Amino acid sequence: MNLSQVRKMMLFTAEKMVESEPTLTSLDQIVGDGDHGIGMKRGFAAIIVLLQDEKFQPTNIGDFFIQIGTKLMTSMGGASGAIFGTLFRAGGKSITGITEFDSSALSTLLNEGWQAVYQRGNAKPGDKTMVDALAASATTASLLTTLKLKDTLPKIAQSAMEGAEKTKQMIAVFGRTKNLGERAIGHMDPGSVSMAYILKFMNEYIQTQ
């Protein structure tokens, strides 16, 4: 995918994330503050405005994702803004200069983004956070770098959703959910669902191309 195609993919993804606000809010009302969906909607609504602005002209695909991350960080606020912003900013920096977004680039973005998120908050797989979906997707992406993006994204998105599903069985280590202890068992972490949704919608777009 070239920069123009990536821009269209992320616009589609942002629109779908905004539409997902009620689902994400209902999940967070069970285990968190109830504001995760609203924060994600605010962040991705800001992304829509950014991508529709003709003045937004990133120089390459890495720069594009850095600016996506910056916009999420500044518009969402809170822990989610910092985490998802870090994912895209660090991921973007790791692929700075590239003009073609392929399976290898996606793998680099996810893996470097995951490491940056870990360094920022120390969340690791099993802690019932978005890292459970992100790490699962990054691991799968690492195995598929030579395949076409259209063939890898379904598997990567599926791995992320499976990672999110596994958070049902976990006791949280961070955030408000931590206070629930075993009462959080049976409920998915909203951040992990958001992570899985981002990849799910990226895949939905690319399958139509």
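The coordinates are above.
Residues numbered from 1 in each chain as written. Predicted model: local features only at pLDDT ≥ 70, side-chain atom pairs only at ≥ 80, totals over all residues. Heavy atoms only, no water.

## Description of the overall build of the protein
Next up, step 1: Broken down by element type, the protein carries 9 helices and 0 strands.
Next up, step 2: Each helix (α) and strand (β) of the protein, taken in turn from the N terminus, gives the series α-α-α-α-α-α-α-α-α.
Next up, step 3: Scaling as 2.2 N^0.38, a compact globule of 209 residues should have a C-alpha radius of gyration of about 17 Å, and the protein matches this with 16 Å.
Next up, step 4: Projecting the C-alpha coordinates of the protein onto the three principal axes gives extents of approximately 45 × 35 × 30 Å.
Next up, step 5: By the burial criterion, 54% of the 209 residues in the protein qualify as buried.
Next up, step 6: At a minimum sequence separation of 6, the contacts of the protein that also span at least 24 residues come to 69%.
Next up, step 7: Entry remark: accessible area of the protein is about 9,300 Å², with carbon and sulfur atoms responsible for 51%.
Next up, step 8: With 21 positive and 20 negative side-chain charges, the protein shows a spacing of 2 Å between the two charge centroids. (Helix = DSSP H or I, 4+ residues; strand = E, 2+ residues; numbered from the N terminus. Rg over C-alpha atoms; globule rule 2.2 N^0.38 Å. Buried < 20%, exposed > 50% of the residue type's maximum accessible area, 1.4 Å probe, protein only. Contact = heavy atoms within 4.5 Å. Areas by Shrake-Rupley, 256 points an atom, 1.4 Å probe, with all protein chains shown as cover. Lys, Arg positive; Asp, Glu negative; His and termini not counted. Charge placed at Lys NZ, Arg CZ, Asp CG, Glu CD.)

## Considering empty space enclosed by the protein
Next up, step 1: For the structure shown, the criterion picks out 1 cavity of 30 Å³ or more.
Next up, step 2: Roughly 40 Å³ of internal volume is contained in the largest cavity.
Next up, step 3: What lines the largest cavity is simply Met10, Phe65, Phe88, Leu106, Leu109, Leu110, Met195, Ile198, Leu199 and Met202.
Next up, step 4: Elements represented by at least two residues in the lining of the largest cavity include exactly α6 (103-121) and α9 (190-207).
Next up, step 5: No other element matches the 4 residues that α9 contributes to the lining of the largest cavity. (1 Å grid on protein atoms, 1.4 Å probe; cavity = no way out; pocket = protein on both sides within 12 Å on 5 of 7 lines; lining within 4 Å. Points joined across faces, edges and corners; volume = space filled by probe spheres on them.)

## Let's talk about the packing of aromatic side chains
Next up, step 1: Evaluation of the coordinates by the stated rule reveals 6 aromatic pairs.
Next up, step 2: For the ring pair phenylalanine 65 and phenylalanine 88, a centre distance of 6.0 Å and an interplane angle of 10° mean the geometry is stacked. Of this pair, phenylalanine 65 sits in helix α4 (residues 61-76) while phenylalanine 88 sits in helix α5 (residues 78-94); the two residues are 23 residues apart in sequence, bridging distant segments of the chain. As far as burial versus exposure is concerned, phenylalanine 65 and phenylalanine 88 are alike and both buried.
Next up, step 3: Ring geometry for phenylalanine 65 and phenylalanine 101: centres 5.4 Å apart, planes at 40°, overall tilted. (Phe/Tyr/Trp six-rings, centres within 6.5 Å; stacked < 30°, edge-to-face > 60°.)

## A word on helix α3 (residues 36-51)
Next up, step 1: Taking 1.5 Å per residue, 16 residues should reach 22 Å; α3 reaches 23 Å between its end C-alpha atoms and fits that length.
Next up, step 2: Buried positions along α3 lie against α1 (3-19), α2 (21-31), α4, α5 and α9. (Expected span 1.5 Å × (residues − 1).)

## Points about the nonpolar core
Next up, step 1: Counting 58 residues, the largest nonpolar core has Phe65, Phe101 and Leu110 as its most contacted members.
Next up, step 2: Here this core takes 10 residues from α9, the largest share from any one element.
Next up, step 3: Among all residues touching leucine 110, those that are not within four sequence positions of it are Leu134, Ser137, Ala138, Ala141, Ile156, Met195 and Leu199. (Core = buried A, V, L, I, M, F, W, Y, C linked by side-chain atoms within 4.5 Å.)

## A word on the side chain of arginine 7
Next up, step 1: Relative to the helices and strands, arginine 7 is located in helix α1.
Next up, step 2: Buried charge arginine 7 goes without a salt bridge, the closest partner of opposite sign being aspartate 53 at 6.5 Å.
Next up, step 3: Within polar-contact distance, the side chain of arginine 7 engages the backbone oxygen of leucine 51 at 2.9 Å.
Next up, step 4: Once you skip the residues sitting within four places of it in the chain, arginine 7 turns out to touch Leu50, Leu51, Asp53, Phe56, Gln57, Pro58 and Phe64. (Salt bridge = Lys/Arg side-chain N within 4 Å of Asp/Glu carboxyl O. Polar contact = N/O pair within 3.5 Å; in protein donor to acceptor, adjacent residues only side chain to side chain.)

## Concerning the packing of α2 against α3
Next up, step 1: At a closest axis distance of 6 Å, the pairing of α2 and α3 adopts a crossing angle of 150°. Viewed along their axes, α2 and α3 adopt a mutual orientation that is roughly antiparallel. Packed against α2, whose contacting residues are Glu21, Leu24, Thr25 and Asp28, the element α3 presents His36, Gly37, Ile38, Met40 and Lys41 at the interface.
Next up, step 2: Of the residues contributing to the contact of α2 with α3, the split by class is 3 nonpolar, 3 polar and 3 charged. (Axes fitted to C-alpha atoms, helices over the stretch in contact; angles between N-to-C directions. Parallel < 35°, antiparallel > 145°, perpendicular 65-115°, else oblique. Nonpolar A, V, L, I, M, F, W, Y, C, P; charged D, E, K, R; others polar.)

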